[in-house]
Amino acid sequence: MIEPSTMPSNSYSLEEVMDNSYDSIFVTDAVGNILMANPTAERLLNLTITQMVGRNIRELVEQGHWDKSIALEAIEKRTTVTGMIKTRDGINLMCTSRPLFDSQGNITMVISNSRDRDTLVKLAQTLDKERELVQRYKEEVQYLREQGVKDRHLVAESTAMKNLLLEANWVGPTESSVLLYGESGTGKEILAKYIYSISRRAKEAFITVNCSAIPENLIEAELFGYEKGSFTGADAKGKPGLFELADRGTIFLDEIGEMPLVLQAKLLRVLENGEVRRLGGIHSRKVDFRLICATNRDLKKMVEHKTFREDLFYRINVVPLQLAPLRDRPEDIMAISDVLLKELNKKYGYDKVFSTETLKGFLNYSWPGNVRELRNLIERLAITTRGRVIDYQVEEMPYPPDNRAAGSHQEENGTLRIQVKAKAPLKKVMSQVEQEYIKNTLQDCQGCVSEAARILGIDRSAIYRKVQVVQLRDQD
Ligand SMILES: Nc1ncnc2c1ncn2[C@@H]1O[C@H](COP(=O)(O)OP(=O)(O)OP(=O)(O)O)[C@@H](O)[C@H]1O
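Residues numbered from 1 in each chain as written. Predicted model: local features only at pLDDT ≥ 70, side-chain atom pairs only at ≥ 80, totals over all residues. Heavy atoms only, no water.

Going by the annotation in an unreviewed UniProt entry, the name recorded for the chain is Anaerobic nitric oxide reductase transcription regulator NorR, with bioreactor metagenome given as the source organism.

This is the structure we're talking about:
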């Protein structure tokens, strides 16, 4: 099939390449005489190799074997030409002809390769379908991202929460790492999502990692990913880690205090180098994410006890934000209850309301599970209450007020009876009395801090401060 004069020394391997090429290949000289052709050309053009080699393409076109020659066009234009030709059997071929030149600029040969257009059309159609699918997935991901952020409205009625939102609004659009402190259920995750939603990375991924929920032996693989076959039980194809998935977006490391020390060192390295290496991998990959962490532990104390790395602590504690417990945010208890019940009324077509006693009970309760507990309780009450009015006794709650260190209750005649621990230091007793008195007044005012502040003759911030200070001392 190859003319002896043009046959290269390693003709065997070249022949093999030609014979097995999926494309039709034929080579002509500078005037269009066919020097060689391969079996695919034979099949597509419906001419044997011997019928082609030695003949001029112009002649074959004139005989109607195909309608025109791209190779002749390439010779004439002295450049690579791509075009469509149609064979006698009606096959449409896309043909590219490329002239080669010697050192004097003379054409030495023209290499033409062609492929059945239908195959190309099918490929293009498959590609279009794939592109459409990718676009649909992108839109779906975007929708889910937005839903994840939007479906929970962040309620902020208390001064503490409003101030916190002001800080969040300030830090949101920056690239700073944020560390959210707060008891479980106080809203650290919802606040993290809020910060993300107002950041420059809002259109990118938001990846949540609960460091305490992933078993210690798996957390490294989850965060860093792994190459195929890197450990028993690993996915055969390998897997990208969560840092990789968060690239260009935001990663939220919840319960960061639970991260094992070994991993803390690795996290620090990622933060310092901006690179991750999969388990079993040899190459590092650049990653660019914004970090938001959350904890309900006292990380500073953990640093003192050497259970949390000091260098990592300073790295993540760039902007610390503290979420107050719900019991210290009576205005939020009221507002969240109201918003939640309205949401449920809308969802189920109800028209339910809380009795005054129920709301008083909510204010008097300690909410150890914070907003999460309040949410769950309201959902349960809305669904299980038969009538319109939700009347729930605070005594039915899992941690009724009497269980707290210092209890109080109001007598019929309007006086307040406060219980304090006997033989306690005066300062502590005074604080407890102060706290109980403030809480009781707040209850009387349905959680309205401004009204309570007016009655007590102090300003609103003093109420938050005093209630919080006493709570902290109680924990000592
Ligand atoms: N201010 C708020 N307004 C409305 N819903 C809230 C608010 N704060 C918290 N929630 C809701 O309370 C529930 C618990 O909140 P979230 O998961 O953000 O708390 P968390 O502090 O991250 O808890 P954990 O530490 O246990 O992970 C969620 O359903 C959240 O939507």
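A. Representation of the sheet that holds strand E2 (residues 34-37) in the model. Here five strands make up an open sheet; going across it, the order is E2-E1-E5-E4-E3 and the pairing antiparallel. Every interior strand has two partners, whereas the edge strands, E2 and strand E3 (81-86), have only one. Shown here is a sheet whose adjacent strand axes are inclined to one another by a mean of 25°, direction ignored. Of the strands in this sheet, strand E1 (24-28), E3, strand E4 (92-101) and strand E5 (107-116) are in contact with helix H5 (residues 70-77), which crosses E3 at around 150°. (Pairing = 2+ DSSP bridges. Helix = DSSP H or I, 4+ residues; strand = E, 2+ residues; numbered from the N terminus. Axes fitted to C-alpha atoms, helices over the stretch in contact; angles between N-to-C directions. Contact = heavy atoms within 4.5 Å.)

B. Focus on the nonpolar core. One finds Leu223, Ile251, Leu253, Ile256 and Ile316 to be the most contacted residues of the largest nonpolar core, which totals 34 residues. Per-element tally for this core: the top contributor is helix H11 (residues 261-273), with five residues. Contact partners of Leu223, with chain neighbours within four places excluded, come to Val209, Gly241, Leu242, Phe243, Leu253, Met259 and Leu263. (Core = buried A, V, L, I, M, F, W, Y, C linked by side-chain atoms within 4.5 Å. Buried < 20%, exposed > 50% of the residue type's maximum accessible area, 1.4 Å probe, protein only.)

C. Representation of the side chain of Ser355. Looking at where Ser355 falls in the secondary structure, it is placed in the loop between strand E15 (353-354) and helix H15 (356-364). Apart from the residues lying within four places of it in its own chain, the contact partners of Ser355 are Val389, Ile390 and Asp391.

D. Focus on the pattern of salt bridges. In this structure the tally under the stated criterion is 22 salt bridges. Put simply, Lys286 and Glu275 hold a salt bridge, and the shortest N to O gap is 3.5 Å. Of this pair, Lys286 sits in strand E12 (residues 284-286) while Glu275 sits in strand E11 (residues 275-277), and the two are 11 residues apart along the sequence. Taking relative accessible area as the criterion, Lys286 reaches 60% and is therefore assigned exposed. Between Arg375 and Glu343 there is a salt bridge, and its shortest N-O distance comes to 4.0 Å. Taken together, the positions of Arg375 in helix H16 (residues 370-384) and Glu343 in helix H14 (residues 330-348) put the pair 32 residues apart, joining distant regions of the chain. The exposure class assigned to Arg375 is partly exposed, which follows from its relative accessible area of 22%. Using a relative accessible area of 36% as the deciding quantity, one classes Glu343 as partly exposed. One network of salt bridges, in which partners are shared, links Glu227, Glu244, Arg278 and Arg285. (Salt bridge = Lys/Arg side-chain N within 4 Å of Asp/Glu carboxyl O.)

E. Examining unusual backbone geometry more closely. The phi dihedral of Asn46 falls on the positive side, at around 55°, and the residue is not glycine. Positive phi is not limited to glycine here, since Asn370 has a value of about 55°. Along the chain, the position of Asn370 falls in helix H16. Looking at Asn370, the relative accessible area reads 0%, which means it is buried.

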